[in-house]
Amino acid sequence: MKKNVLIILFILATVTNVLAQNQLWSSSLSAASREYWGGRFNNMSIGFKFSPAITFVSFEGVKNFRGMSDGAAKINMTVGPVADFYFAQKYAFSTGLWYTVKGVSYNIYNSFYDTDVFVQKPLTKDEIKANAAEFNLQYLQIPVSLKIFSDQVTPGMPFYIQFGGTLDINIAEKPVNYAKNALVQYRDRVSPNSGIFGFGEANLLLGAGFEKKLGTGTDAFFFGLQYQRGLSEINRGSSFADMITKTNQLVIDFGLKF
């Protein structure tokens, strides 16, 4: 009888000990999980940028497009949310969703209208021989980049560098001066229902700037320069296969983070 009681007490003590250790382990795991995930989300900052940008193109053309060259740079805007996810004290994965307008401009020479396309289908009385072709291309940009921060240059203001890339999705192409746009006139003769520009492009992104802390919270003002170099051509379809256009942008970055 005593032996049975001792065995039961031993089993109860063992089970109680195991349960206590399991509870301690579960609490520690839960705390670690909260620290890991909560720390990551606590180290996320979201903001909004409102940045003027200078767009300039790189152009090459052969055959029907030899009578063209890249035109003047255009000033446009890029706006949208930014998000920085800090995975270390001085390192952050940076992304966002930006609405960006890129002005694309070409110079047109008289030889452009000497090609077979315009010889076979001359300009109508409503069309005007153009010396330029300009477009406003509207994109949604998805940046994927890394930010590296320095120590504070002045109190509350670190310096950062940024590098990565952007994926640009073309949501609209708007000709400037439709009746006097040489590429629109060309398009209407060879492929009236097609677009001139493709569905998107990819860019290299390089940047640098400063963040200035506002008050005692997490709010900050950031400003800097960003260079985006086009890696892919933006012209579309076989009708425009003989012209290669790539866009480049110099962005003057301004924004607030919360």
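None of these values were measured; they are calculated from a predicted model.

*Asks:* Explain the nonpolar core residue by residue, including any values.
*Replies:* Counting 25 residues, the largest nonpolar core has F65, M68, Y106, F112, F135 and L183 as the members making the most contacts within it. Of all elements in the fold, only β1 (44-61), β5 (98-108), α2 (116-120), β6 (132-154) and α3 (182-190) reach the threshold of two or more residues within this core. In contact with F135, not counting residues within four places along its chain, are K102, G103, V104, Y106, K174, P175, V176, N181, L183, V184, I196 and F197. Grouped together as the second largest cluster of nonpolar side chains are 8 residues, W98, F149, L205 and F222 included.

*Asks:* Give a detailed account of empty space enclosed by the protein, specifying residues and quantitative values.
*Replies:* A complete count under the given rule lists 1 cavity of 30 Å³ or more for this structure. The computed volume of the largest cavity comes to approximately 60 Å³. In terms of lining, the largest cavity is formed by K49, V82, S94, W98, K147, Y160, Q162, F222, Q226 and D253. Breaking the lining of the largest cavity down by element, the ones donating at least two residues are β7 (157-176) and β9 (220-230). Taken together, the residues that form the lining of the largest cavity break down as 4 nonpolar, 3 polar and 3 charged.

*Asks:* Before we move on, could you go through a nonpolar patch on the surface and cite the residues and values that matter?
*Replies:* Together, F85, F87, Y91, F93, L97, Y99, I142, V144, L167, I169 and I171 make up an exposed nonpolar region whose accessible area comes to about 940 Å². Broken down by secondary-structure element, the contributors of at least two residues to the nonpolar patch are β3 (74-88), β4 (91-96), β6 and β7. Here the nonpolar patch gets 3 residues from one element, more than from any other, and that element is β7. Taking the relative accessible area as the measure of exposure, Y91 reaches 37% and is therefore partly exposed.

*Asks:* A description of the packing of aromatic side chains should follow, citing residues and the corresponding values.
*Replies:* As enumerated under the stated definition, the model contains 18 aromatic pairs in all. Seen from their ring centres, F59 and Y106 are 5.4 Å apart, and the 75 degrees between their planes marks the pair as edge-to-face. Of the two residues, F59 is situated in strand β1 and Y106 in strand β5; the sequence distance between them amounts to 47 residues. Neither residue differs from the other here; F59 and Y106 are each classed as buried.

*Asks:* Report on the pairing of β1, specifying residues and quantitative values.
*Replies:* When β1 meets β3, the two strands line up antiparallel, connected through 12 bridges. By the bridge assignment for β3, F48 is matched with P81. Across 12 bridges, the pairing between β1 and strand β10 (residues 243-257) is antiparallel. Bridge pairing links T55 to Q249 in β10.

*Asks:* Tell me about the confidence of the model for the protein chain, and name the residues and values.
*Replies:* For the protein chain, the mean per-residue pLDDT works out to 85, and 84% of the residues sit at or above 70. Low pLDDT, under 50, characterises residues 22-41; the predicted model gives this stretch 3 contacts beyond four residues in sequence or across chains.

*Asks:* Residue-level account of α3, with values.
*Replies:* Taken across its 9 residues, α3 has 7 buried, putting it largely inside the fold. Inspection of α3 places A182, L183, V184, Q185, Y186, R187 and R189 among the buried residues, and these make up the whole buried set. The inward-facing, buried residues of α3 abut β2 (68-70), β5, α2, β6, β7 and β10. Two or three places before L183, at the start of α3, stands the capping residue N181, its side-chain oxygen 3.2 Å from that residue's backbone nitrogen.

*Asks:* Quick rundown of the pattern of salt bridges? Include the residues and the values.
*Replies:* A complete count under the given rule lists 10 salt bridges for this structure. The salt bridge involving D253 is made with K49; its shortest N-O contact spans 2.8 Å. With D253 in strand β10 and K49 in strand β1, this pair connects stretches of sequence that are 204 residues apart. Here the two residues D253 and K49 agree in accessibility, since each one is buried. R189 is the partner of E127 in a salt bridge, and the nearest nitrogen-oxygen pair spans 2.6 Å.

Calculation criteria
Residues numbered from 1 in each chain as written. Predicted model: local features only at pLDDT ≥ 70, side-chain atom pairs only at ≥ 80, totals over all residues. Heavy atoms only, no water. Core = buried A, V, L, I, M, F, W, Y, C linked by side-chain atoms within 4.5 Å. Buried < 20%, exposed > 50% of the residue type's maximum accessible area, 1.4 Å probe, protein only. Helix = DSSP H or I, 4+ residues; strand = E, 2+ residues; numbered from the N terminus. Contact = heavy atoms within 4.5 Å. 1 Å grid on protein atoms, 1.4 Å probe; cavity = no way out; pocket = protein on both sides within 12 Å on 5 of 7 lines; lining within 4 Å. Points joined across faces, edges and corners; volume = space filled by probe spheres on them. Nonpolar A, V, L, I, M, F, W, Y, C, P; charged D, E, K, R; others polar. Patch = residues over 30% accessible without salt bridge, like charges linked within 9 Å, V, L, I, M, F, W, Y side chains within 5 Å. Areas by Shrake-Rupley, 256 points an atom, 1.4 Å probe, with all protein chains shown as cover. Salt bridge = Lys/Arg side-chain N within 4 Å of Asp/Glu carboxyl O. Phe/Tyr/Trp six-rings, centres within 6.5 Å; stacked < 30°, edge-to-face > 60°. Pairing = 2+ DSSP bridges. pLDDT = per-residue confidence, 0-100. Polar contact = N/O pair within 3.5 Å; in protein donor to acceptor, adjacent residues only side chain to side chain.

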